[in-house]
Every structure is written in structure tokens, then in C-alpha cells.
Amino acid sequence: MGQPTLVNTVVSEPIVKVQGFSKSYRKKLAVDGVDLAINKGEIYGLIGPDGAGKSTLMKAIAGVLTYDGGQVEVFGEIIDSEAAAEKIKGRIGFMPQGLGQNLYAELSVEENIDFFAQLREVSREQLISRKRKLLAMTRLDKFTNRPMKLLSGGMKQKLGLVCTLIHEPELIILDEPTTGVDPVSRRDFWAILTALLREQNIAALVSTAYMDEATRFQQLSLMYDGKVIAEGEPDQIIAKVPGTLVELIARPQAVALSQLKSIFQQVEAVGAVLRVFVEGQEEEAAIKQVKSLLSGQEVSEIHASQAEMEDAFIALLSQANLTDSETAPSIDTNQASEIDASQKDKLAIEAENLCRDFGDFRAVDQVSFQVRYGEIFGLLGANGAGKSTVFKMLTGILQPTGGEGKVAGQDMLRANQAIKERIGYMSQAFSLYQDMTVLENIRLYARIYAVARKELKQRVDWVIATAGLQGVENRLAGALPMGIRQRLALGCALVHQPKVLFLDEPTSGVDPVGRRRFWDILIQMARVEQVAILVTTHYMSEAEHCDHLALMYAGRIIADATPEQMKEALVKAAGELLEVTTDQPLLALKLIEQAGFEEAALFGKKIHLLAKEPQLVRQQIESIFTENNITLHSISHRHPSLEDVFVYQVMTHENEMARHEY
Amino acid sequence: MSLMARITEGKSYHWWSRMAAMTGKELLQLGRDTVLVCAVLYLFTLDVLMAGGVKMDLNQGAVVVHDSDHSMASRELIYRFQPPYFKLSGEILNEKEGIQLLDQGEALVVLDIPPKFQHDLLQGKPAAVQVQVDASNTVLGSLAASYSSQIIGQYGFDAALQRMGLTGESLETVPMLDDRHRVWYNPNQKDAWFMSISELLTVITILAMMLPAAAAVREKERGTIEQLLVSPLTPMQILLPKVISMTLVILLGTALSVGLILHGVFDVPMKGSLPLFFLVTALYTFAMSGLGLFVSTMSRNLAQAAMLVIMIMMPIILLSGAWTPPEAMPEVIRQAMYFSPLYYYIEMAYGILLKGAGLAVLWDSLLGLTMLGSVVFLFGVWRFKRQFG
């Protein structure tokens, strides 16, 4: 390996230059007039919901898709023909969308890597050394003989990355590499990319649908509906929408929520906290405005902070008039104030020592938790952690091997059928009939759940109003955009007015606007109708919405608390989260790692690390920077995210289990 | 009315209401699937029509002649190979060429007439001709062989009579057997009757398995089964509507086919009771749908299901007598035929449609189908319930 090049801000010619790019499928314009430039040593991000045109653009840059207008230049070569594309393909690594999409399910980890090496004509010696290094980096070295199909989602994706990197490309193009991947694997993924950037000075083009990954990029384009709506460094984009994020706790929440909604465009309930984006206001003025609006309520813990990418994205969309103008579901506030806190302490779901074995394998091990009516309870965990199995047992599809439980007041071992009549369920994959219309689907489920004939029309109307499905009643479910489909699925799950709702990864793949609207409905159900909601997710920004979380790992619950408590526990156990801002993040990261902070991670041009003694660590970092002549802009304190919590918890347990094995 | 009775009545109302909702859903989905609807329509109409148009007769089989005699007699024999059965398609100069034409499939029959053929006939000596037949298609081959031997035999007979001076009226003094057949049930021996009915029964067999299998596998493939399993529906309420709706579709298709094609085009007489025929068809469809459900539990997608349906269908058809009559089967296979539901169904369908038979005659077949059908159907239901219960 050559001498590491650490200069990444000094830029020569860009590696990729795209000008006025457009592409249509049949008559539908998929991408319209996009410009972008990617430099060496840069992770360039394409962020946008499904169908924004990210994949189309990436495929054209990888030379595997023709385009209609504009120009794509890669390594100085204009990609306008197959011959031109052939010339650059050897220097590019491309990983298409979908977990393990480019891999062979029946081949083992090692066989997959060897196959790609052969395809790319990598010499024997190079293969051996690269393979060893990449397998160690991805922590796949223990699984070299395992067939690809038996890997978890995160592992598949890491293997896909290894296969993409085996010929040491100078430009890697990764299409949604972290979609459907658990937070720990996502962290690994970013660590590998960072290391490559540092050691080989490559360039990477990475797309994602997760707004919270935006800070990982040096440069990014926000895409929506085939257009770039903003471009630049993450901070620059957020700065495009001046405003302040105000967070507060108000009681009763539902009332405060509807009051805020009447004035502000972006209001969201995240667990107990209300999040309001006040456009165009400085911190103090924003707090004052929010407070005056909620004069009648009991308001506490109000504070202001900088907006996040998602707030900026939604604000930019509405500025460009790109959000659809459907009205958000209205909340009946009169009712809300009456019931709030009435049923609070009744249990909707009780799981006690639930176990489930599949052969010799214990998928769920002594799981216990409780969900109250009106509570949104999140069950977190990576693929294969046992979330779905717990779900299946509680919904009566699967018999537990041991333990017991009650759902909606019914014994889950005995009253299977009664439970099924009392719960609503929405699965991860869209599991309604795509060849039936919205109305037909709702009616079918109303009849399956034996909604009385005279109430049928009223219930169907209620579902359409609550789920915001006005105007699409007679369209086929399969022809609807993802966000609306998920709301339809939720509506069908609510048609018989269940008091307990089970949601399995409800909003994966839905754009931020759609996700917020979805959660609005859930909040209404929980706060107003006192429905108990159990959600599984490995999507951390979804987890932030929950009132209470249980984190699963290897079939067991390893943490059970509110999001806030979890974050506090993290700070107690691992220290505070520090964010270091500098001009030379790659060099700085290396030095920080050498100083003993192995978990330090690169976020765009910033470095995150956990510090038990923040004062001491600050001094230590400052001295490292002065010794090496690196400019230090700032070291600031950040609130840890749930992703930080998840990663820390899982890593701690992983290490513990590894110790037990020896 | 006691409280308990009211509750049970409420429950049974829900039970039926759920069944009706699910059956309606199946029909709606089938109706939306344009490809499937077209396939079903095609199978019940054009496919049966084509099958009825197929003839098992020899039609203009190519005959080439190696005539080494070139005489009046040889020419007369040659000209007796006439359409519709045969067609003279040229003369060859040597035997080798004849073999070659057989090999290439250009000729079905090679007729070899030796030198001195006429001379020997006139002399009253036995004269031989050689006929070579391509029997790679056994039906055509045996028909060609039998027709040519009839032609040649007749020619020999005529030549003999002529030589004996027996012509015209004097023929009547010779004792001869007059062989008069009475052909029952299909007096004109129209192949179309047999073929179209046989094809219709095959179509019913395929669809009775394939439609419920496809409906069930589609739910698995698209993940919609999950949503049904967490609902209060019992496995029976999930599978029975599929069977019921698909049976309805098949009965409708059968009615279309019987009315439009069998009766309308081919004039099949429909001697027996049509209600009985549809009753039997419904019973048979139910039985076969059991196999369809079994297939759906074995396969993960539509392609696998289709493969399995073909695999299961083949022996059922082969052992049914649809393509070859039981009389042509070896004893072991004749015993195995009792395990093909189609065997009983064919027996009854031909009986009702062509012979006008009623239950008095067909009760044993009906009993057989009911017993075998129940076993098959319950087996499918058991598999389905085990997988999704």
C-alpha cells in the first residue's frame, strides 16, 4: 500500500462531472437536469426518498445505463457509449441496491470474494492480502465458510462491499448500502468507508434514504422527484433554511400538538417531546413564540437548537411547492383532554419469560416486558435479534416454547382467537392486495374483522379520513406511492377499532414527509384513543418517537427504558459525546484513534467520540492538534442519539459474549 | 331465544359473512388478472375447439413408388392409393432412395412392385409387393399399414375374381360375408366428439389444480398471507373461499365450453342430464383443488407451483384413459387407474354426455370419485392447515 495521502481538501480536477443530466423511462421523466461534481478523497451523498432518481443517476455514472440528456464525465472520459463505459469500468466499483443483490446466495463468503476477484483479474497474491484485510475490517473473518444466504442483512451488505472493493477501485458507487441494515453494521460500514478514504484516497458516491446519515457526507445533493433541491456541505444545506428547532414537553400533548400545528408547518411528537421547527426565527424569539401559543398548557423543558437535515429537507420541499397539499388528520382536542391519562396504568401487553426454540437454536430467550394503553413501545434490534419471533408469538401465529403473556386482557396461550379479534397488525412488507382498490381493501378487512353491517360505512369513512386517503379511494393499492400505501395498511389495521396495535417496521422506505404523517396518526391513536402500540424497528429515527424502548440482542432484552433514560445511561457508562470540528478530519481522526479513542468516528468533516472525562479529553485533543499543527475549530458537546445507544449496547454485549466463548 | 343460542347464531353469521367476503375477494382478484382470465377463456373455448378439429385419421399420407414392372397391373395398383388417406408423391428409381425418403420423413409409405408383377398375375402365380411403412408415429404407421394392406388385399381379390371370370352379376353367385357394423353412441364416428370432450376434461383437471394453487401461492409470494393469519380467520376460512370461488369459475367455464363448443360447434348430443354432469364436475373440481392446495404448501412461488401441477397432472391424465383407453393398458396399470380421479370423471362425463347414462349406471364411478376425492381434498386441507394453522 502506498503512502497514505491525507490531503483531501486540496482539489484537482473532479473525478466525476455531471452536467444537465436527464433520463426518462418511457414518457416519465426520472431525473431532470442534474449537475454534480465529485472530488478525490470525498464521500459524496445522494439523499432522497424512494423514486427521487438516485439509482438512475448512479447507474449512469457507473456506465451501466444510457441517458437522454446532458453529459457524464468520469475520470476525464465522457460516458456516451458502451466503449467509453468499458474504459472506466475497471476503475469503478459499483454495488447495486438491495441486500446482497450482486452476490451469489449459494456460494460461501470466501467463494463470493474469490469469484469477484477472478472476474476483475486480481492476482493471487493481491487477492490473499486484500481478502485478509477486508475480512478483518468487516469482521467477517469468522464466517468465511458460511453461505451468503445464511448471513444477516448487515453482513450481506458488508460482504457486498468487500466484493466491490476487491479490485481496489478508485471510485466506488454504493446504492443505498445501509437500507435495511442494523445500526451496528451501519457504523461498521461507515468506518470501512472512512478507512478507505484515508488509506487510498478514493472517492465514493453513496446514496441513502435516511436523513440522519446526511452528516456522514462531505458533500451531498438532496434529491426529490428527479431534481436536486439543494447541494453542498451538510451545514450549508441546513443553513439554507434559517430557523430554530424548539423542543419542549407539554401536557396534554395532543392538545398542544394540534395548537402548534395550526401555526407551524413542521411539528412532530417524538415520544414525550414535541419538536417544532420555527422558520426564520432566532432562538429566543422562537421559544417566545412557541410559549405564547401554548399559554394554556403546562410547558416544561423548553429549549432551542440548530435544525437538522430532515427539517431543512421538508422546509425546502414546501418552499419549492413539492409537498402534496393533503390536510393532516385533525385531532379532536375536546376528547383528548378528557381521556388523557385515564387508562394510563392498565396493561395492554404483558410478556413474561417468553422463550422460543427452533431446533437447538433459541431465537427468543426469557423476554419480559409490559406495554400500557396509550403507550408507544418500541422493540429494537438487528435482523435476527428475535423481534419478529416475539411479534409472532404475541399475535398468535407462533406457539411459545416457554413463558406466558397477555394481550388485550386475554391469555395468549389459551385465547388465541380472542386476541386476534382484538388486535390490529401491520407487517413490514406491504401485505394488502395490490390488485384491489383502496376501498376494496378496507371493506375486505372490515368484513374479516366482522365490523357490523350498519357500522361498515361509517368505519370505512373513518379509516379514509384518519389515514388521509381522500381522493385515492378507487385507485389500485399497487399503484400508490409507498407513503400512502403504508397509511392504507395502517388504516386497514385500525378498521375494527383495536385497542392494541402491532407494527412491524412500519415506515422503512418511506420519505420523511410521509413518515411524519404516518407518525401523526400513531400519536393520535395513542394519545387520543389510548391505543397501545408495539413497534419493531431497526430504524433509529423511528425509535426516537417511542415512549418506551426495549433493545433486543441475540434473543434477549438487554435494555428496557425510555429513550431519554437510555441516553442518560449511555452518558453514564461511556461518557459524553464530543464533536470535534477541523479542516483536516482524516489526519485528525487517525491521531485521535492512536491516542486510544478507537471508537471515534468520522461524520462528514467532524469527528465524534465518547469521553468519560470530557475536560481531560478536551485538553488531550487540543494538545494533539497543536503538536501536529492542525487547526481545531471547536470541540462541542452533543446529545447522543439512539443510534449511539444502540451501537454501544450491542457492542458491549458482543464483546461480553466473545469473552464467554474463550 | 337463549343467550347462548344468540351468541352461536351471531358467530355463525360472522362465519358466513367472512366466507362471503373472502370468496368475493378471490373472484375480484381473478377478474383483475387479465392474463389469467384470458388463459381460462382460451382453454375453455379455442383450445377445446382446436382439439375437436384434430383427427386421428390418416390424411394424405405420402406414398412413393418403386415400380420395376411398369405395366397396366402395376399402374392400377398404384392408382388405388388415393386421397383422402394417401397421396402419390412420386416415383423412385431404386430401393436406396426409398429408404432415404423414409428416413427424411418425406414418405410415409414406400410401395415396391417387383418386375414381372403383371406377368405373374396373368399367369396365375402368386405375386408379391413390398410395402415399407414409417411407424415412428405408431398411430399413423399402423393406420398406413392397415389401409395399404386393405388396398392391396382388395386389389388381389379383384384380380383373382377377374381371372376366374367373375364379374358383374355373376359375382352375386359367389358366397361372401357381408360385415355390417352398428356403431353406438357416436354413429358417424366423429373424432371431434371424443377429442373435444377429452380436452375439456383435461382443461378442467389442470385448472382445478392450478387456480386454487395459484391463489394460495400468490398470497404467500406477496406476503398477504401474513395479514390473514393474524386476523380472526381460521385456516378453513382462508382456503375454502379459494376452492369455492375457483370451482365456480370452472363450472362457468365448463358451461361456456359445453354450450358454445361441444354443443354449438361439434353437435355433441348431450344425451344425459346436464345438472348431473355439472354436479359431477363440481365434485371432481373440489377433489382436484385438494391437490392444488397441497401444491401450494410445497411451493414458494408461482413457477414452482406450475411445475408441480404439471408433474402431478401427467400421471393423473395418463392413468385416466383420456388419451388411451383402459383396454389398451397392461394389467398393473389398469389397477393403478383406480387411483386417478380423472378415470372416474371421464367414465361419468362420457357416460352422461354421449350415452345418456344416469346414476343407475354410473353410481359406482360416482362412489369411487367421492371416496377418492374426499381423501385427496382432506389431504390438501390437512397440509394447508398444518402449514398455516
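Residues numbered from 1 in each chain as written. Chains lettered and ligands numbered in written order. Predicted model: local features only at pLDDT ≥ 70, side-chain atom pairs only at ≥ 80, totals over all residues.

Colleague: Sorry if this is basic, but what is going on with the overall build of chain A here?
Modeller: Helix and strand content of chain A: 22 helices and 28 strands. Taking 26 Å as the expected radius of gyration for a compact globule of 662 residues, we find that chain A reaches 25 Å, a close match to that expectation. The principal-axis extents of the C-alpha atoms in chain A amount to approximately 75 × 60 × 60 Å. Summarising the internal contacts of chain A: among those between residues at least 6 apart in sequence, 74% fall at separations of at least 24. (Helix = DSSP H or I, 4+ residues; strand = E, 2+ residues; numbered from the N terminus. Rg over C-alpha atoms; globule rule 2.2 N^0.38 Å. Contact = placed C-beta atoms within 7 Å.)

Colleague: Is there a simple way to think about the overall build of chain B in this case?
Modeller: Broken down by element type, chain B carries 14 helices and four strands. Against the 2.2 N^0.38 benchmark of 21 Å for 389 residues, chain B shows a C-alpha radius of gyration of 29 Å, more extended than a compact globule. Counting only C-alpha atoms and orienting by the principal axes, one finds that chain B spans roughly 105 × 45 × 40 Å. Counting only residues that meet the buried cut, chain B has 36% of its 389 residues in that class. In chain B, the proportion of contacts linking residues at least 24 apart, taken out of those at least 6 apart, comes to 79%. (Buried ≥ 20, exposed ≤ 12 C-beta atoms within 10 Å, placed from the backbone.)

Colleague: Would you mind showing me how to read the domain arrangement of chain A here?
Modeller: It is common to report an interface's size as the accessible area lost on association of the parts. Residue and element names in this part refer to chain A. We note that the domain assignment places domain 1 (16-232), domain 2 (237-338), domain 3 (347-559) and domain 4 (566-661) within chain A. Of note, the centres of domain 3 and domain 4, computed from C-alpha atoms alone, are 37 Å apart. Taken residue by residue, the interface counts nine residues in domain 3 and eight residues in domain 4. Mapped by element, the contributors of at least two residues to the side of domain 3 that touches domain 4 are α18 (540-543), β23 (548-553) and β24 (556-561). Residue contributions to the side of domain 3 that touches domain 4 peak at three residues, all from β23. Tallied by class, the residues present in the side of domain 3 that touches domain 4 amount to eight nonpolar, no polar and one charged. (Domains from an automatic or database assignment. Nonpolar A, V, L, I, M, F, W, Y, C, P; charged D, E, K, R; others polar.)

Colleague: Even after reading the chapter, I still don't get the confidence of the model for chain B, so can you show me in this structure?
Modeller: Regions with low pLDDT carry predicted coordinates that are not meant to be interpreted in detail. Per-chain confidence: chain B averages 86 in pLDDT, with 92% of residues scoring 70 or above. Across the whole predicted complex the pTM is 0.79, and at the interface the ipTM reaches 0.75. (pLDDT = per-residue confidence, 0-100.)

Colleague: Is there a simple way to think about the sheet that holds strand β18 (residues 402-407) of chain A in this case?
Modeller: By definition, the strands of a sheet pair up through backbone hydrogen bonds, in either a parallel or an antiparallel sense. Residue and element names in this part refer to chain A. Strands sit in the order β16-β15-β18-β19 across an open sheet of four strands; the sheet is antiparallel. Where the open sheet ends on each side, the last strands, each with one partner, are β16 (361-372) and β19 (410-411). Direction of pairing for strand β15 (residues 347-358) relative to β16: antiparallel, over a ladder of eight bridges. Across the sheet, leucine 347 pairs through a bridge with arginine 372, a residue of β16. (Pairing = 2+ DSSP bridges.)

Colleague: Would you mind showing me how to read the packing of helix α14 (residues 438-448) of chain A against helix α16 (residues 482-493) of chain A here?
Modeller: Angle between the axes and distance between the axes are the two parameters that describe a pair of packed helices. Residue and element names in this part refer to chain A. Taken N-terminus to C-terminus, the directions of α14 and α16 make an angle of 25 degrees; their axes are 9 Å apart at the nearest point. One way to sum up the angle between α14 and α16 is to call them roughly parallel. Note that α14 runs across α16; the crossing there is right-handed. On the side of α14, the interface is formed by Val438, Asn441, Ile442 and Tyr445, while α16 contributes Leu488, Gly491 and Cys492. For the contact of α14 with α16, the residue count by class is five nonpolar, two polar and no charged. (Axes fitted to C-alpha atoms, helices over the stretch in contact; angles between N-to-C directions. Parallel < 35°, antiparallel > 145°, perpendicular 65-115°, else oblique. Left-handed = near helix turned anticlockwise from the far one by under 90°.)

Colleague: I would appreciate a short explanation of the confidence of the model for chain A in the present structure.
Modeller: Residue and element names in this part refer to chain A. On average, residues of chain A carry a pLDDT of 85, and 94% of them reach 70 or more. Of all secondary-structure elements in chain A, the lowest mean pLDDT belongs to helix α11 (residues 333-339), at 45, while α14 reaches the highest, 94. A low-confidence stretch, residues 1-11 stays under pLDDT 50, and its non-local contacts, those more than four residues away or across chains, total 12 contacts. This model gives residues 333-340 a pLDDT under 50, and the stretch forms 17 contacts once residues within four places in sequence are excluded.

Colleague: Just to check I follow, could you spell out the packing of helix α10 (residues 274-298) of chain B against helix α13 (residues 341-355) of chain B for this structure?
Modeller: All names here are of chain B. Packing of α10 against α13 brings their axes to within 10 Å, and their N-to-C directions diverge by 170 degrees. Considering the angle they form, α10 stands roughly antiparallel to α13. Where α10 abuts α13, its residues Leu276, Phe277, Val280, Tyr284, Ala287 and Met288 lie against Pro341, Tyr345, Met348, Ala349, Ile352 and Leu353. Looking at the contact of α10 with α13, its residues break down into 12 nonpolar, no polar and no charged.

Colleague: What exactly am I supposed to notice about the pairing of strand β17 (residues 376-380) of chain A here?
Modeller: Successive side chains on a regular strand alternate, one facing one side of the sheet and the next facing the other. Residue and element names in this part refer to chain A. Burial analysis of β17 places five of its five residues in the buried class, the great majority of the element. A two-sided burial pattern is seen for β17, the buried positions comprising Ile376, Gly378 and Leu380 on one face and Phe377 and Leu379 on the other. By the bridge criterion, five bridges tie β17 to strand β22 (residues 532-537) in an arrangement that is parallel. Across the sheet, leucine 380 pairs through a bridge with threonine 537, a residue of β22. Examined bridge by bridge, β17 and β23 share four bridges and lie parallel to one another. Across the sheet, residue leucine 379 finds its bridge partner in β23, namely alanine 550.

Colleague: Even after reading the chapter, I still don't get the domain arrangement of chain B, so can you show me in this structure?
Modeller: Here chain B is partitioned into domain 1 (19-54 + 187-388) and domain 2 (61-173). Between the C-alpha centres of domain 1 of chain B and domain 2 of chain B there is a distance of 48 Å.

Colleague: How should I be thinking about the interface of chain A and chain B in this particular structure?
Modeller: With 20 residues of chain A at the interface, the matching set in chain B holds 19 residues. For the side of chain A that touches chain B, the secondary-structure elements that each account for two or more residues are α13 (416-422) and α14 of chain A. Tallying contributions element by element places α14 of chain A first for the side of chain A that touches chain B, with four residues. Its residues assigned to classes, the side of chain A that touches chain B comprises 10 nonpolar, five polar and five charged.

Colleague: Which parts of the structure should I look at to understand the sheet that holds strand β6 (residues 92-95) of chain A?
Modeller: Residues and elements named next belong to chain A. Strand order in the open sheet made by the six strands is β6-β7-β8-β3-β9-β10, with mixed pairing throughout. Only two strands of the sheet have a single neighbouring strand rather than two, namely β6 and β10 (227-232). In this sheet, adjacent strand axes meet at a mean angle of 15 degrees when their direction is disregarded. Looking at chain direction, β6 and strand β7 (residues 171-174) are connected through four bridges and run parallel.

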